[in-house]
Amino acid sequence: MKKLAIALGGGGARGLAHIGFLRIIEKEKIPIARISGCSMGAMVGGGYALYQNADAVEELAYHFIEQPVFEGFNFDDFASLDKSGNDLKSKAISVMGRIKVGLSLFKTLANPSIYEGELVEKAYHNYPDHLIEKLPIRFYAIASDLLSGEEVLLKNGSLRLAVRASSSIPGYLPPVKWGKYLLVDGGVSNLVPTQYFRKVENELIVGVNVSQSIKDKVDLSSGLDIMQRAENIRNYHLTKLKVSNADKVVSCRLGDISWADFKEAKNIIDAGEKAARRLLPWLEKALN
């Protein structure tokens, strides 16, 4: 039987879908040879490369997002920007969220990010720290170097620091120093990093995309909405180019769930399971 080389895409909270996807692959006893990850895909993928158990990764994820320090990131305010309800309460929450986010952005005029390194250090403190090269499953994290503008493949060294670098959203979280590099979120340059997998005779390359579909209806009533829409379009076309070497790319159907809405964790993980089940008929044929 062939093995899988799986690239887990970035997308903030939406990336929790990878837990559900990996759970189904695990239940079907489909072997995984390699995992690459971007942003939340790196966080989930790194955990799975270590534990080889989706339940353990889910426990790790919930511990991460339910720790008291996590509230300091105010993700609810960012999630409110994507709320599309037409009732008065939804509109009020959205307006308040925009005000709070706007005030937060003022910090970046004199600082490298909204949130300070000390808060980020505390948040990542309980993420397991192992040498990437010694993980049971080969793992790569993708980050973007602010100095050279290049993508950086992190395949050796601290797992915790690599995951932190791969998920450091520019402007929100501080860049991570890694040797000669100054690293931020891998999604800046490569949301679904399949191209680092060379074609191997007994492997199938599968990409898992958690980005919002450009076919989804969106509200374009404000400048922020238009900026978000433009970014989604850019990400769509960039990803389409980057995953050209993949044997298959599966998209998780997450609707308009915000990248910052960690309260939707259970629904997001369930959507990842459904995406894997849709892929199973193809996998059964392709693997054998």
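### Considerations on the overall build of the protein
Thought 1: The helix and strand tally for the protein stands at nine helices and eight strands.
Thought 2: In the protein, buried positions account for 50% of the 288 residues.
Thought 3: Excluding contacts between residues fewer than 6 apart, the proportion of contacts in the protein whose partners are at least 24 apart in sequence is 75%.
Thought 4: Here the protein has roughly 14,100 Å² of accessible surface; of this, 54% comes from carbon and sulfur atoms.

### A short note on unusual backbone geometry
Thought 1: Backbone geometry at Lys29 places phi at a positive 55°, although glycine is not the residue there.
Thought 2: Of note, Ser39 is a non-glycine position whose phi angle comes to about 55°, a positive value.
Thought 3: The residue Ser39 is located in the loop between β2 (32-38) and α2 (40-51) in this model.
Thought 4: On the accessibility criterion, Ser39 (7% relative accessible area) is buried.

### A short note on helix α3 (residues 54-66)
Note that an α-helix has 3.6 residues per turn; residues three or four places apart therefore point the same way.
Thought 1: In this model, α3 (13 residues) spans 18 Å end to end at C-alpha, consistent with the 18 Å of a helix rising 1.5 Å per residue.
Thought 2: Every buried residue of α3 is accounted for by Ala54, Val57, Leu60, Ala61, Phe64 and Ile65. The arc enclosing the buried residues of α3, seen along the axis, measures out at 120°, which places them on a common side. Away from its buried face, by an angle of more than 90 degrees, α3 presents the exposed residues Glu59 and Glu66.
Thought 3: Each element contacted by the buried residues of α3 is listed here: α1 (17-27), α2, α6 (117-124) and α9 (265-287).

### Considerations on α9
Thought 1: Under the 1.5 Å per step criterion, the end-to-end length of α9 is 30 Å for 23 residues, consistent within 8% with the ideal 33 Å.
Thought 2: Of all the bends found along α9, the most pronounced is centred on Leu280 and spans about 45°, while Pro281, a proline, follows it within four residues.

### What about the confidence of the model for the protein?
Thought 1: Across the protein, the average pLDDT comes to 88, with 89% of residues at or above 70.
Thought 2: Under a pLDDT of 50 for its full length, residues 86-103 has, in the predicted model, 17 contacts with residues more than four places off or in other chains.

### Here's the deal with the environment of Asp77
Thought 1: With respect to the element layout, Asp77 can be found in helix α4 (residues 75-80).
Thought 2: By relative accessible area, which is 18% here, Asp77 ends up buried.

### A closer look at the packing of aromatic side chains
Thought 1: All chains considered together, the criterion is met by seven aromatic pairs.
Thought 2: Taking the centre distance of 5.7 Å and the plane angle of 65° together, the rings of Phe64 and Phe70 count as edge-to-face.
Thought 3: Residue Phe64 is classed as buried on the basis of its relative accessible area, which comes to 11%.
Thought 4: Taking the relative accessible area as the measure of exposure, Phe70 reaches 9% and is therefore buried.
Thought 5: Ring geometry for Phe73 and Tyr115: centres 5.3 Å apart, planes at 75°, overall edge-to-face. Taken together, the residues Phe73 in the loop between α3 and α4 and Tyr115 in the loop between α5 (88-105) and α6 connect sequence positions 42 residues apart. In this pair, the class of Phe73 matches that of Tyr115, namely buried.
Thought 6: Taken together, the ring pairs connect Phe64, Phe70, Phe73, Tyr115, Tyr124 and Phe262 into an aromatic cluster.

### Thoughts on the nonpolar core
Thought 1: Judged by nonpolar contacts, the single largest core of 75 residues is most densely connected at Leu4, Leu16, Phe21, Phe139 and Leu154.
Thought 2: Looking at this core element by element, the count peaks at eleven residues for α9.
Thought 3: When near neighbours in sequence (up to four residues on either side) are disregarded, Leu16 contacts Met40, Ala61, Phe262, Ala265, Ile268 and Ile269.
Thought 4: Core analysis: the second largest hydrophobic core is formed by ten residues, Ala5, Ala7, Phe197 and Ile205 among them.

Cut-offs applied
Residues numbered from 1 in each chain as written. Predicted model: local features only at pLDDT ≥ 70, side-chain atom pairs only at ≥ 80, totals over all residues. Heavy atoms only, no water. Helix = DSSP H or I, 4+ residues; strand = E, 2+ residues; numbered from the N terminus. Buried < 20%, exposed > 50% of the residue type's maximum accessible area, 1.4 Å probe, protein only. Contact = heavy atoms within 4.5 Å. Areas by Shrake-Rupley, 256 points an atom, 1.4 Å probe, with all protein chains shown as cover. Expected span 1.5 Å × (residues − 1). Arc of directions from axis to C-beta. Bend = angle between axes of the 7 residues up to and from the residue. pLDDT = per-residue confidence, 0-100. Phe/Tyr/Trp six-rings, centres within 6.5 Å; stacked < 30°, edge-to-face > 60°. Core = buried A, V, L, I, M, F, W, Y, C linked by side-chain atoms within 4.5 Å.

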